[in-house]
Amino acid sequence: MTTSPEATDLVDQDAGRTKRVLLAKPRGYCAGVDRAVVTVEKALETYGPPIYVRKEIVHNRHVVDTLSERGVIFVDETDEVPEGALVVFSAHGVSPAVHAEAARRNLRTIDATCPLVTKVHKEVNRFAREDYDILLIGHEGHEEVEGTAGEAPDRVQLVDKPEDVDKVQVRDPSRVVWLSQTTLSVDETMERVDQLKKRFPDLQAPPSDDICYATSNRQQAVKAMAPECDLVIVVGSQNSSNSKRLVEVALQAGAGDAHLVDYASQIDEQWLEGVTTVGVTSGASVPDVLVMQVLDHLAERGWNHVDEVTTANEKVTFALPRELRKDLDDNPTKPRSVR
C-alpha cells in the first residue's frame, strides 16, 4: 500500500488545528462504474433516446436521475421493454435466464456488466462444471448476487448473515468453494470465510480475490483516516452496497460517527456539533461533483482546510462493451458525462 505524505503525517499534524477535512483518495467512480455510465451515454448519443436500462445502471440516485432526464427509461425486468427495442444490462450483471428472456423478446442488448463481476460469473460456471458446491458470500436480494447465483442455481448457496453458515448443506465436504459479491467489506467477508472453514476444513478459495480492487482500496483509505475523524461523511446511495460498507468500516476503524448521504443537503447540522475533523469519501458509483458539493457545504460552515489522504493510485480502465465499439468507430461522438 502506498501512502501519501498527507496520510503519513496525519498523526503529526497540529493537534490544535480546528475544523479540518480529511478527503479520502481513492474515492468515487471505479473503472466498472465509469464503463457502465459511459456505455449508456454513448448509446444515447449513437442511437438516440429512448434507451432502456434493466435496473439502475449503477446504484446512485444522481446518476439515475440525470440519465432519466436525457431519455433513459429504467425498468425492473426485460418484459417491460418493447419488443425489438434496445436494452442495456447494468454494471451488476444478469443471469443467463435474463439473457434468454431478452433474446426471446428480440431485444437488442448491450451488456454493461462490470468485468470483475463477469469474472465471478465465470468462476461459478467453472466450479459448477467441476461439480463443486459453491458458497456465495453476499447480501440477499442484491442484483449482483441474483445474477451470479443465476449462473448455476442448483450449485450456489447464499451465505449472508452469520446464522446462514449453519444452514449450509453440501454433498461432499471435500468439494466446496467460496466466492463473494464484489462490493462487500473485506473484513466481514473473511469473518464469514473463517466461520465456513470451521464447518468445512477443506473449503477452497476463489483463484483470485473476488472483492473489487476499488471496493478494497476505498475501505483502506477510510481505515487510514477514520481514527483521526470525529465524523466521516460517506457520499453514496442507500442501495449502494459498497457505500454502506464504507460507513461500517469507518466506525470499526475508530471514527467518532459516520453517516451516508446522497447530497450535501442531507447533512444534519447536529452531526457537526463539537466536531473538529471531518472525513469525506464516496462509494464507487458516485460522481465526484457530489463530493465537491459536500466540501463546499462544509467550507461554508468553517471547514476550509482540506488534506487529501491517499492510500492508492488507481489506473484501471475497461474497454466499452463490444456491442457498442463497432458503431462508435463508424460514428464517433463525445457524450456529456455524468461527473
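Residues numbered from 1 in each chain as written. Predicted model: local features only at pLDDT ≥ 70, side-chain atom pairs only at ≥ 80, totals over all residues. Heavy atoms only, no water.

### Describing the overall build of the protein
Secondary structure summary: the protein contains eleven helices and twelve strands in total. Based on the C-alpha atoms only, the size of the protein along its principal axes is roughly 65 × 55 × 35 Å. Expressed as a percentage of its 339 residues, the buried residues of the protein come to 54%. A sequence separation of at least 24 residues applies to 77% of the contacts in the protein between residues at least 6 apart. Summing over all exposed atoms, the protein offers an accessible surface of approximately 14900 Å²; the carbon and sulfur share of this is 46%. A distance of 5 Å separates the average location of the 39 positive side-chain charges in the protein from that of its 57 negative side-chain charges. (Helix = DSSP H or I, 4+ residues; strand = E, 2+ residues; numbered from the N terminus. Buried < 20%, exposed > 50% of the residue type's maximum accessible area, 1.4 Å probe, protein only. Contact = heavy atoms within 4.5 Å. Areas by Shrake-Rupley, 256 points an atom, 1.4 Å probe, with all protein chains shown as cover. Lys, Arg positive; Asp, Glu negative; His and termini not counted. Charge placed at Lys NZ, Arg CZ, Asp CG, Glu CD.)

### Comments concerning the pattern of salt bridges
Scanning all chains against the criterion turns up 25 salt bridges. Between Arg155 and Asp131 there is a salt bridge whose closest N-O contact spans 3.1 Å. Of this pair, Arg155 sits in the loop between α6 (143–149) and β7 (156–159) while Asp131 sits in the loop between α5 (115–129) and β6 (133–137), and the two are 24 residues apart along the sequence. A salt bridge links Lys167 to Asp164; the shortest N-O distance between them is 3.8 Å. Within this structure, Asp131, Asp133, Asp154, Arg155 and Arg171 form a network of salt bridges that share partners. (Salt bridge = Lys/Arg side-chain N within 4 Å of Asp/Glu carboxyl O.)

### A closer look at the UniProt feature "binding site: (2E)-4-hydroxy-3-methylbut-2-enyl diphosphate" (unreviewed entry) in the protein
The sites that carry the UniProt feature "binding site: (2E)-4-hydroxy-3-methylbut-2-enyl diphosphate" (unreviewed entry) are, in the present numbering, His59, His92, His142, Thr182, Ser240, Ser241, Asn242 and Ser285. Within the fold, Thr182 resides in the loop between β8 (176–180) and α7 (186–199). When near neighbours in sequence (up to four residues on either side) are disregarded, Thr182 contacts Leu116, Val117, Val120, Glu144, Asp210, Ile211, Cys212 and Thr215. Topologically, Ser241 is positioned in helix α9 (residues 241–252). When near neighbours in sequence (up to four residues on either side) are disregarded, Ser241 contacts His139, His142, Gln181 and Thr183. Here Thr183 takes part through its side chain, which lies 3.5 Å from a polar atom of the side chain of Ser241. (UniProt positions renumbered as here; feature names shortened; annotations may be inferred. Polar contact = N/O pair within 3.5 Å; in protein donor to acceptor, adjacent residues only side chain to side chain.)

### Quick look at the packing of helix α8 (residues 213–225) against α9
Running from amino to carboxyl end, α8 crosses α9 at an angle of 30°, the nearest separation of the two axes being 9 Å. Comparing their axes, α9 and α8 come out roughly parallel. Relative to α9, α8 is oriented so that their crossing is right-handed. Touching Thr215, Arg218, Gln219, Val222 and Lys223 of α8 are Asn242, Arg245, Leu246, Val249 and Ala250, all from α9. A per-class count over the contact of α8 with α9 returns four nonpolar, three polar and three charged. (Axes fitted to C-alpha atoms, helices over the stretch in contact; angles between N-to-C directions. Parallel < 35°, antiparallel > 145°, perpendicular 65-115°, else oblique. Left-handed = near helix turned anticlockwise from the far one by under 90°. Nonpolar A, V, L, I, M, F, W, Y, C, P; charged D, E, K, R; others polar.)

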